[in-house]
Amino acid sequence: MTDKMHISGFVIQSNGDTAWDICFDGEVSEALSALIIGIETHLEQQMASGEWPEIIELIPAYRCLTVRYNALQSAPEGQQPLKERLERLVVELIDANDLVRTPSRPPGGTTVEIPVCYEGDYAPDMNTLCERVGLTRDEVIRRHSSPRYLVHMLGFTPGFLYLGGLDPRLACPRKAKPALKLAAGSVGIGGSQTGVYPQETPGGWQIIGRTPVQLFNPARDYPFIARPLDRIQFVAISAAEFKALALLQEQGLPGENPSC
């Protein structure tokens, strides 16, 4: 039986034998993501000082924070079980730190520019999307590259960014039959979301462009191009610029992680 506990706008429920999900009420928003990342950051800081010895990993998502733990590790002497301590911590943070809950809380602090070529073979589904949404190619590019998208979370494949802020006019259903292989760097729209496929992978989103920039590189100190609560700005480039930037990537030269 799934164990649940409802407390002040969130529920803590089991996720298998070695994880708790802290799930929050409300719609996906910047405020909710700030709350989840704030709790994750607080736990990470305490874990670094030796607290929470049971916790193995923290995984933030749109509306929950998954806490993976070592089931063989007992709670510190005199402490409550992990679930009860998590409950108490979340309540304390919500009650005592309003900055965690509000959109005015400083985000990751970085806007990462991702160059995108919206031309020709780099955008195999552009015509389909234009027909579905009733906009010209130039208008789709303008609307897609205008927002500063919020990074809510990373997942699906290493480095895949779940972004908030897509222009509603660009919302388009996913493909009825997913493609078996999309090129790394493919930029797509699926429903009301947009994102970039970091690796060559199957996918069902409408592909309207491609970037030469690596979103995931395990050789970097921080392997991902952005962190939750950072901002993403897509910048339209030509096919010639794409090839030049791709060459720099292959040579390992600057231009790998353009940001401002």
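This structure is a prediction, so every number in the text was calculated from the model and none was measured.

Student: Break down the pairing of strand E5 (residues 64–69) for me, citing the residues and quoting the values.
Tutor: Taken across its six residues, E5 has five buried, putting it largely inside the fold. Bridging between strand E3 (residues 19–24) and E5 involves five bridges; their strand directions are antiparallel. Counterpart to Ala-19 in the pairing with E5 is Arg-68. Hairpin connection, strand E4 (residues 55–60) to E5: the antiparallel pair is bridged by three residues.

Student: For the confidence of the model for the protein chain, give the residues involved together with the corresponding values.
Tutor: Of the residues in the protein chain, 88% reach a pLDDT of 70 or more, and the chain-wide mean stands at 89. Here residues 1–8 scores under 50 on pLDDT; set against residues more than four positions off or in separate chains, the count is 20 contacts. This stretch, residues 256–260, has a pLDDT under 50; its non-local contacts, to residues over four places away or in other chains, come to 18 contacts.

Student: Break down the side chain of Asp-167 for me, with residues and values.
Tutor: Structurally, Asp-167 is set in the loop between strand E8 (161–164) and strand E9 (179–182). On the basis of relative accessible area, Asp-167 is assigned to the buried category, the value being 18%.

Student: Account for the packing of aromatic side chains, naming residues and giving values.
Tutor: Each aromatic ring pair is characterised by the separation of its centres together with the angle its planes make. Across all of its chains, the model carries 13 aromatic pairs by this definition. Centre to centre, the rings of Tyr-122 and Phe-242 are 4.3 Å apart; their planes meet at 35°, and the pair counts as tilted. Placement of Tyr-122 in the loop between strand E6 (111–117) and helix H3 (126–133) and of Phe-242 in helix H5 (residues 239–251) is noted, with a sequence separation of 120 residues between them. Under the relative-accessibility criterion, Tyr-122 is labelled buried at 13%. Linked through ring pairs, Tyr-62, Phe-156, Phe-160, Tyr-162, Tyr-197 and Trp-205 together constitute an aromatic cluster. In this arrangement the basic side chain of Arg-227 is found over the ring face of Tyr-222, its NZ or CZ atom lying 3.6 Å from the centre.

Student: Now, about the nonpolar core: what can you tell me, with residues and values included?
Tutor: Counting residues in each nonpolar core, the largest one holds 30 residues, and the members touching the most others are Ile-114, Met-126, Val-140, Leu-161, Ile-225, Ile-232 and Phe-234. At the level of elements, E6, H3, helix H4 (137–145), strand E7 (148–154), E8, strand E10 (186–190) and strand E14 (231–237) are the ones that each hand at least two residues to this core. A per-element tally of this core places H3 first, with four residues. Ignoring any residue separated from it by four or fewer positions in sequence, one finds Ile-232 in contact with Val-112, Ile-114, Pro-147, Arg-148, Tyr-149, Val-151, Leu-161, Leu-163 and Ala-226. By size, the runner-up hydrophobic cluster in this structure holds 22 residues, among which are Ile-55, Leu-65, Leu-82 and Leu-93.

So, how was this worked out
Residues numbered from 1 in each chain as written. Predicted model: local features only at pLDDT ≥ 70, side-chain atom pairs only at ≥ 80, totals over all residues. Heavy atoms only, no water. Buried < 20%, exposed > 50% of the residue type's maximum accessible area, 1.4 Å probe, protein only. Helix = DSSP H or I, 4+ residues; strand = E, 2+ residues; numbered from the N terminus. Pairing = 2+ DSSP bridges. pLDDT = per-residue confidence, 0-100. Contact = heavy atoms within 4.5 Å. Phe/Tyr/Trp six-rings, centres within 6.5 Å; stacked < 30°, edge-to-face > 60°. Lys NZ or Arg CZ within 6 Å of the ring centre and 35° of its normal. Core = buried A, V, L, I, M, F, W, Y, C linked by side-chain atoms within 4.5 Å.

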